[in-house]
Amino acid sequence: MNYCSNCGSQNLIQQVPSSDIHTRVICQDCQVVHYSNPKIVTGCLVFHEGKVLLCKRAIAPQKGFWNFPAGFMENKETLQEGAKREVREEVNATVIIKKLHTVYNIMHVDQVYFLFLAELVDGKYSVGEETADVKLFDLEDIPWEQLAFQSNIFALRQYIANPNYEGVHHGDNHAYLRELKA
Ligand SMILES: [Zn+2]
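Treat the numbers as computed from the prediction; the structure is a model and nothing was measured. (Residues numbered from 1 in each chain as written. Predicted model: local features only at pLDDT ≥ 70, side-chain atom pairs only at ≥ 80, totals over all residues. Heavy atoms only, no water.)

S.K.: Describe the pairing of strand β2 (residues 24-27), with residues and values.
M.R.: A two-sided burial pattern is seen for β2, the buried positions comprising R24 and I26 on one face and V25 and C27 on the other. Both strand β1 (residues 12-15) and β2 contribute to a ladder of 4 bridges, which runs antiparallel. Paired with L12 across the bridge in β2 is C27. Here 2 bridges tie β2 to strand β3 (residues 33-34), and the two strands are oriented antiparallel to one another. (Buried < 20%, exposed > 50% of the residue type's maximum accessible area, 1.4 Å probe, protein only. Helix = DSSP H or I, 4+ residues; strand = E, 2+ residues; numbered from the N terminus. Pairing = 2+ DSSP bridges.)

As structure tokens, then:
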């Protein structure tokens, strides 16, 4: 952050405000504290006749890799509306949401994924914006080496291990980050 979004000043400092425990960007001219908090990603594990729908990314990051239709939640929509909107935008499909399946924390980029179990309404889908290809995969044929994100790998593994689980899976990439450092 180079400018205060409240008054335009460049007179910004990093400090822990009184009654806080985190370092914040504070404007020394108008005294506004600029909070930075995690972003929400919402999306769906879309199933049709026992197969899971994946889209090949046409944009960075992880261009050319497969993932679930998912993206940043917008203001003034619910998590579920956001998840359905992402499916509409990325694969031109309408889904019925069954349940929340996975909550996954991406620690190094401050994002939280909410992934719902969903079914295609009419079996129809096609390539949407930000997507290079879209396909229904048998669970035995999932391209594990070409999945874009740890959140997707985690959710799919959980699904395959226990397809009828009624609870919500919780994960984070702390362990994955430790592996990378080792
Ligand atoms: Zn200011």
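What follows continues from the structure just given.
S.K.: Which residues make up the layout of surface pockets, and what values go with them?
M.R.: What the largest pocket holds in volume is close to 570 Å³. As for the largest pocket, its lining consists of 29 residues, of which R57, P61, Q111, Y113 and F149 are closest to the centre. Elements that contribute at least two residues to the lining of the largest pocket include exactly β5 (51-57), β7 (70-72), α1 (79-91), β9 (111-120) and α3 (174-181). In terms of residue class, the lining of the largest pocket is made up of 14 nonpolar, 8 polar and 7 charged. (1 Å grid on protein atoms, 1.4 Å probe; cavity = no way out; pocket = protein on both sides within 12 Å on 5 of 7 lines; lining within 4 Å. Points joined across faces, edges and corners; volume = space filled by probe spheres on them. Nonpolar A, V, L, I, M, F, W, Y, C, P; charged D, E, K, R; others polar.)

S.K.: With reference to specific residues and values, describe helix α2 (residues 150-161).
M.R.: For α2, built from 12 residues, the straight-helix expectation of 16 Å at 1.5 Å per residue is met to within 8% by its first-to-last C-alpha distance of 16 Å. Buried residues along α2 sit in contact with β4 (39-48), β5, β6 (66-67), β8 (95-106), β9 and β11 (169-172). (Expected span 1.5 Å × (residues − 1). Contact = heavy atoms within 4.5 Å.)

S.K.: So, the coordination of the zinc ion: which residues are in play, and what are the values?
M.R.: Those protein atoms acting as donors to the zinc ion are C4 (SG), C7 (SG), C27 (SG) and C30 (SG), and they sit at 2.3 Å. Given 4 donor atoms and angles of 105 to 115 degrees at the metal, the environment of the zinc ion is assigned as tetrahedral. When the donors of the zinc ion are listed by position in the chain, the intervening gaps give C-x2-C-x19-C-x2-C. Its relative accessible area of 4% is what places C4 among the buried residues. (Donors = N, O, S within 2.8 Å, 3.2 Å for Na, K, Ca; no water. Tetrahedral: all angles 85-135°; square planar, octahedral: opposite > 155°, others 65-115°.)

S.K.: How would you summarise the nonpolar core if you had to cite specific residues and measurements?
M.R.: If you look at the biggest cluster of nonpolar residues, it comprises 23 residues, and the most contacted ones within it are L45, V52, F68, Y113, L115 and L147. Elements supplying a minimum of two residues to this core: β4, β5, β8, β9 and α2. Of the residues forming this core, the biggest block, 5 residues, is contributed by α2. The contact partners of L147, leaving out residues within four places of it in the chain, are L54, Q62, F65, W66, I142, I153 and L156. (Core = buried A, V, L, I, M, F, W, Y, C linked by side-chain atoms within 4.5 Å.)

S.K.: Break down the sheet that holds β3 for me, citing the residues and quoting the values.
M.R.: Strand order in the open sheet formed by 3 strands is β1-β2-β3, and the pairing between neighbours is antiparallel. Each having just a single partner strand, β1 and β3 make up the two edges of the open sheet.

S.K.: Which residues make up the packing of aromatic side chains, and what are the values?
M.R.: If you walk through the whole model with that rule in mind, you get 3 aromatic pairs. Between Y104 and F154, the aromatic rings sit 5.2 Å apart at their centres with planes inclined by 45 degrees, giving tilted as the arrangement. In this pair, Y104 is assigned in strand β8 and F154 in helix α2, connecting sequence segments 50 residues apart. The pair formed by Y104 and F154 is uniform in burial state, with each residue classed as buried. (Phe/Tyr/Trp six-rings, centres within 6.5 Å; stacked < 30°, edge-to-face > 60°.)

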